[in-house]
Amino acid sequence: MQDQPAPKKVEIPLFPRGKRIAVTTSWDDGLVFDRRIVEAFNAWGLKGTFNLNSRSLTRTGKPAPMEGKGHLDACEVADLYAGHEVAIHMATHPQPLLLTPIQLAAEVLEDRQALEDLVGYPVRGMAYPFGRYNRAFIDLLRAMGIVYSRTTETTPNCFPVDEPLAWPATMHMFANSPAPLPQRWETYYGNPRQNGLFFVWGHSYEFDRADCWDRLETLLAPLAGKPDVWYCTNIELWDYHAARQRLVVGANRRTAFNPSALAVTVNVDGQLVDVPPGQVVALAPPASA
Ligand SMILES: [Zn+2]
């Protein structure tokens, strides 16, 4: 094995298969208008994370009427959001900074358990109600196994961040500064050196309140269908990030070991190689090199 030259350069790209950009979205409160977002996203291939208040869901056993403009029924959550992510938004949409630590814990735990009962997988993501949080709440969430929590803050470089439990997005869907959608996306995507996350958040009911459902397609459809973009939910992004961080590349660059449960892509002298979960893979320069 030592007869072969070692690769000159081994890098671990930010995203699977070396995709240049990741696109994710986040939608709060679980009103019936989420159906229109999901329907459009399923057609376009976009992914959403939907942050729900479990105590606000109706429990009638049949889908909530659209004309009621209210919350979804618990019975429709699993099917509606299949292929997307359901995350917590606390059980009753409280203002977090007005609660005691034990009330915060109860709100988080109740929401997590109730949503897990509906969707059938561990729920580990969150968005802060009213965007309010502090250091003590972050510490509590980490102890409760919450992986990330989205704020209402925005920044051009929103991934990776040092504190996933104080996670800003790129922009609110109706933000105008420095540019609105879809121009903001076109500038971001059009820069060939861009390598990062484009993260849009909002509420589906904002389209209804502003009576502008035509804007759903105008603003968001341009994000879809790009071959060099990874379309992921919020938790898929952080799970891949964790797997990527755990990948071990030998000091001699000849092998890589992936101790996690997700395949991780490495770039070996310009060639993409997937390291399967649990395996050691020999890294060699491409045959043509
Ligand atoms: Zn909310």
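Let us look at the structure shown here. (Residues numbered from 1 in each chain as written. Predicted model: local features only at pLDDT ≥ 70, side-chain atom pairs only at ≥ 80, totals over all residues.)

Notes on the overall build of the protein
(1) Moving on: Helices and strands together make up the secondary structure of the protein, namely 8 helices and 15 strands.
(2) Moving on: Scaling as 2.2 N^0.38, a compact globule of 289 residues should have a C-alpha radius of gyration of about 19 Å, and the protein matches this with 21 Å.
(3) Moving on: If you line up the protein on its principal axes, its C-alpha atoms span 70 × 40 × 35 Å.
(4) Moving on: Buried positions account for 37% of the 289 residues belonging to the protein. (Helix = DSSP H or I, 4+ residues; strand = E, 2+ residues; numbered from the N terminus. Rg over C-alpha atoms; globule rule 2.2 N^0.38 Å. Buried ≥ 20, exposed ≤ 12 C-beta atoms within 10 Å, placed from the backbone.)

A short note on helix α1 (residues 34-44)
(1) Moving on: If you check which residues of α1 are buried, you get D34, I37, V38 and F41. Seen from one end, α1 has its buried residues packed into an arc of 95°, which puts them on one side. Opposite its buried face, α1 presents the exposed residues E39 and A43, each directed more than 90 degrees away.
(2) Moving on: The secondary structure elements touched by the buried residues of α1 are β2 (21-28), β3 (49-52) and α2 (77-80). (Arc of directions from axis to C-beta. Contact = placed C-beta atoms within 7 Å.)

Quick look at the sheet that holds strand β11 (residues 248-249)
(1) Moving on: Across the sheet, 3 strands lie side by side as β11-β12-β15; this open sheet has antiparallel pairing. The open sheet is flanked by β11 and β15 (280-282), the only strands paired with a single partner.
(2) Moving on: Two strands pair when backbone bridges link them, and strand β12 (residues 255-257) and β15 are joined in this way by 3 bridges, in the antiparallel orientation. Each bridged residue has a counterpart across the sheet, and for F257 the counterpart in β15 is V280. (Pairing = 2+ DSSP bridges.)

Concerning the pairing of strand β6 (residues 148-154)
(1) Moving on: When strand β5 (residues 125-127) meets β6, the two strands line up parallel, connected through 3 bridges. By the bridge assignment, M126 is partnered in β6 with S149.
(2) Moving on: Crossover connection from β5 via helix α4 (residues 135-143) to parallel β6: handedness right-handed.
(3) Moving on: Pairing analysis gives 2 bridges linking β6 to strand β7 (residues 167-169), with the strands arranged parallel. From the neighbouring strand, R150 faces β7, where its bridge partner is W167. (Right-handed = clockwise from strand over helix to strand, strands pointing away.)

Quick notes on the nonpolar core
(1) Moving on: Among the nonpolar cores identified, the biggest contains 71 residues, and A22, V86 and F199 are the most heavily contacted of them.
(2) Moving on: The residues touching V86, leaving out its near neighbours within four places in the chain, are F50, L52, V77, Y81, L115, V119 and V123. (Core = buried A, V, L, I, M, F, W, Y, C linked by C-beta atoms within 7 Å.)

Digging into the sheet that holds strand β14 (residues 271-275)
(1) Moving on: The antiparallel open sheet is built from 3 strands, whose spatial order is β1-β13-β14. Each edge of the open sheet carries a strand with a single partner, namely β1 (10-11) and β14.
(2) Moving on: Of the strand pairs in this sheet, strand β13 (residues 264-268) and β14 are connected by 5 bridges, and their pairing is antiparallel. Directly across from N267, in β14, lies its bridge partner L272.

Focus on the environment of Y128
(1) Moving on: Residue placement: Y128 occurs in the loop between β5 and α4.
(2) Moving on: Residues Y128 and D28, spaced 100 residues apart in sequence, show a C-alpha to C-alpha distance of 9.3 Å.
(3) Moving on: Y128 has contacts with P96, Y133, S149 and T151, leaving out every residue within four places of it along the chain.

Overview of the pairing of β3
(1) Moving on: Alternating residues of β3 divide into T49 and N51 and F50 and L52, and every residue in both groups is buried.
(2) Moving on: Two strands pair when backbone bridges link them, and β2 and β3 are joined in this way by 3 bridges, in the parallel orientation. Bridge pairing links D28 to N51 in β3.
(3) Moving on: Considered for its hand, the β-α-β crossover made up of β2, α1 and β3 is right-handed.

Structural notes on the environment of E67
(1) Moving on: Along the polypeptide, E67 turns up in the loop between β3 and α2.
(2) Moving on: Sequence separation of E67 and P222 is 155 residues, and the distance between their C-alpha atoms is 29 Å.

What about the packing of helix α3 (residues 101-119) against α4?
(1) Moving on: Direction vectors running N to C along α3 and α4 enclose 45°, while the axes themselves pass 11 Å from each other. By the angle between their axes, α3 is oblique relative to α4. Here α3 and α4 pass one another in a crossing that is right-handed. For the pair formed by α3 and α4, the contact residues are P101, L104, A105 and V108 on the first element and A136, F137, L140 and L141 on the second.
(2) Moving on: Looking at the contact of α3 with α4, its residues break down into 8 nonpolar, no polar and no charged. (Axes fitted to C-alpha atoms, helices over the stretch in contact; angles between N-to-C directions. Parallel < 35°, antiparallel > 145°, perpendicular 65-115°, else oblique. Left-handed = near helix turned anticlockwise from the far one by under 90°. Nonpolar A, V, L, I, M, F, W, Y, C, P; charged D, E, K, R; others polar.)

Bear in mind that shape data such as this cannot, by itself, settle questions of function.
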